[in-house]
Amino acid sequence: MLSILGFGTILLFMFLVMTKRMSAFMAIIISPIIFAVIGGFGAGLGPMMMEGVELVAPTAVLLLFAVLYFGIMMDAGLFDPISRKILQVAKGDPVKIIVGTAILALMVALDGDGTTSYMIIGSAMLPIYRKIGINPLILATISVMALGTISGMTPWGGAATRAISVLGLDASEYFVPLIPAIVCGSIWILLTAYVMGLMERKRIGTELIHKAAQELAMTSTEAQYQTPKLIWVNFLLTLTLMVALVLGLAPLPILFIVGTVIALLLNHRQLDDQKKIIKEHASNAVPVVMLVLGAGIFTGILSSTKMVDSMASDLLSIVPDSFGPIFTIIVALISLPLSFLMSNDAFFFGALPVLAQSAAEYGISPMEIARAGVIGQPLHSMGPTSAPLWVLLELVRRDLGSFQRFALIPVTILSLMLILFTILTGAISINP
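Presented here is an overview of the structure given in this document. Computed from a prediction, not measured in an experiment: that's the story for all the values here.

**Describing the overall build of the chain**
Then, in step 1: Helix and strand counts for the chain come out as 21 helices and 0 strands.
Then, in step 2: Computed over the C-alpha atoms, the radius of gyration of the chain is 22 Å, within 12% of the 22 Å expected from 2.2 N^0.38 for a compact globule of 432 residues.
Then, in step 3: Counting across all 432 residues of the chain, residues that qualify as buried make up 55%.
Then, in step 4: Across the chain, every contact between residues at least 6 apart in sequence was considered, and the portion connecting residues at least 24 apart equals 81%.
Then, in step 5: Just so you have it, the chain exposes about 18600 Å², and 69% of that area is on carbon and sulfur atoms.

**Here's the deal with the nonpolar core**
Then, in step 1: Membership of the largest hydrophobic core comes to 143 residues, with the highest contact counts inside it found for Met-125, Ile-142, Tyr-174, Phe-256, Ile-369, Trp-390 and Phe-403.
Then, in step 2: If you tally residues by element for this core, the top one is helix α3 (residues 45-75), at 13 residues.
Then, in step 3: Leave out the neighbours within four places in its chain, and Met-125 touches Ile-86, Ile-97, Thr-101, Leu-104 and Leu-139.

**Concerning helix α18 (residues 366-373)**
Then, in step 1: In terms of residue burial, α18 counts as a mostly covered element, since 7 of its 8 residues are buried.
Then, in step 2: Of the positions making up α18, those classed as buried are Met-367, Glu-368, Ile-369, Ala-370, Arg-371, Ala-372 and Gly-373.

**Thoughts on the side chain of Ser-186**
Then, in step 1: With respect to the helices and strands, the residue Ser-186 is situated in helix α10 (residues 179-204).
Then, in step 2: The contact partners of Ser-186, leaving out residues within four places of it in the chain, are Leu-106 and Ile-150.

**Details of unusual backbone geometry**
Most of the time, phi is negative for any residue but glycine, and the peptide bond is trans.
Then, in step 1: The residue Lys-306 is not glycine, and still its phi comes out positive at about 70°.
Then, in step 2: When you line up the elements, Lys-306 lands in the loop between α14 (271-304) and α15 (307-317).
Then, in step 3: Unusually for a residue other than glycine, Arg-397 sits at a positive phi of about 60°.

**A few points about the environment of Leu-45**
Then, in step 1: Summarising the element assignment, Leu-45 is placed in helix α3.
Then, in step 2: Separated by 259 residues in sequence, Leu-45 and Ser-304 have C-alpha atoms that sit 9.2 Å apart.
Then, in step 3: The residues touching Leu-45, leaving out its near neighbours within four places in the chain, are Ile-33, Ala-36, Val-37 and Ile-301.

**Notes on the side chain of Ser-143**
Then, in step 1: Take Ser-143: it is sitting in helix α7 (residues 136-153).
Then, in step 2: The contact partners of Ser-143, leaving out residues within four places of it in the chain, are Ala-105, Tyr-118, Ile-121 and Leu-392.

**Observations regarding the environment of Met-342**
Then, in step 1: Topologically, Met-342 is positioned in the loop between α16 (327-341) and α17 (344-360).
Then, in step 2: Note: C-alpha distance between Met-342 and His-380 (38 residues apart in sequence) is 7.7 Å.
Then, in step 3: Discounting residues that sit within four places of it in the chain, Met-342 has contacts with Val-308, Phe-347, Ala-351, His-380 and Thr-385.

**Points about a nonpolar patch on the surface**
Then, in step 1: A surface patch of nonpolar side chains, amounting to about 750 Å² of accessible area, comprises Trp-232, Phe-235, Leu-236, Leu-239, Val-243, Leu-247 and Leu-249.
Then, in step 2: By secondary structure assignment, the location of Phe-235 is in helix α12 (residues 228-247).

**A look at the packing of aromatic side chains**
We describe a pair of aromatic rings using the distance from one ring centre to the other and the angle between the two ring planes.
Then, in step 1: This structure, assessed with the given rule, holds 2 aromatic pairs.
Then, in step 2: Look at Trp-232 and Phe-235: their rings are 6.0 Å apart centre to centre, the planes differ by 85°, and that puts the pair in the edge-to-face class. Of this pair, Trp-232 and Phe-235 both sit in helix α12, 3 residues apart, which is roughly one turn of the helix.
Then, in step 3: On the basis of relative accessibility, which here comes to 59%, the residue Trp-232 falls in the exposed class.

Quick notes on the rules
- Residues numbered from 1 in each chain as written.
- Predicted model: local features only at pLDDT ≥ 70, side-chain atom pairs only at ≥ 80, totals over all residues.
- Heavy atoms only, no water.
- Helix = DSSP H or I, 4+ residues; strand = E, 2+ residues; numbered from the N terminus.
- Rg over C-alpha atoms; globule rule 2.2 N^0.38 Å.
- Buried < 20%, exposed > 50% of the residue type's maximum accessible area, 1.4 Å probe, protein only.
- Contact = heavy atoms within 4.5 Å.
- Areas by Shrake-Rupley, 256 points an atom, 1.4 Å probe, with all protein chains shown as cover.
- Core = buried A, V, L, I, M, F, W, Y, C linked by side-chain atoms within 4.5 Å.
- Patch = residues over 30% accessible without salt bridge, like charges linked within 9 Å, V, L, I, M, F, W, Y side chains within 5 Å.
- Salt bridge = Lys/Arg side-chain N within 4 Å of Asp/Glu carboxyl O.
- Phe/Tyr/Trp six-rings, centres within 6.5 Å; stacked < 30°, edge-to-face > 60°.

Dropping the structure here:
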């Protein structure tokens, strides 16, 4: 019964969003409430929802100030030199621009933080996409694929950290066999970017591309900074923030709160200017925070009612005993829909230990289950419980439904290829 309620919640949410009958914020709150009431959990909804909100509150604060910080940096022209350099190399060619996006996305995803990665990629590349006329959903799709592969599978990323800790594994032993598969996955992302680039080149047309490239070249040549020294000051501030983030010198929300204050003081010293810039970027930040809090309510209800646990158990129960030798692959396949639908906390702290315990009956080590479990991260990165995704959608000015319709096939193919790559490179094995 709980599984039916859980899957019903997911299906209703996806239906409402993808058919545009409701905004994501409304659907992500209304869907679990309806099925919780149907299941007889109406009386306890308040504490369940509050528990979920408390869980995501630090993330909401982080996203609020990350959006403000990078908004200030974008206004200051911090990422303009990167954009101009890419333009010089690409010369307006969508193929080179989209492949360049993939390279940048794979690099910045190494920091492990999705919000930061998306803000950097969007700040550097979106002006080029808009001027050339390239579909911004391509940027969003490539970014999600890179984040899910690099940040999702490396031991300093949130997903792998949870898998390693909950199963009591050694980080190096977990990670080293995965490196070849991650490299193969990165090459696949570059290949996907190349194919998307060819399609965009054909759609836009050579004549329009050439005209846009000329206009961009003229704009790039004429661009002069009124305060060039601030570019370097802002660069050093951002670099310091990234180093502090990687070293874990303070919680991420605190780092971005302090960083935003310093950025305001450096770039907008007048009080009226500070108020104006905050008001200007609040229109980008507030919807993101609302959606994250809504996702907290969604997760809180599904977790507290045990719908999540029941869905995982029922999916596991349909696996026949004869599939024992390929159970690791079954786990990898199960991780795809579960990662898409569930928060990382729910999947890695709730479902993964159950999967690891079942795998032990077939003589499969928890190490392989951890590697199989993280393969679903590209799909998780485009799912409704991925908080950084809301920042990305706000950047590209697209709704969740249109993004998921565009990205679902390439991201799913990447996830299936990652399963193949982990098998071929020996990161996960088929027991005889």
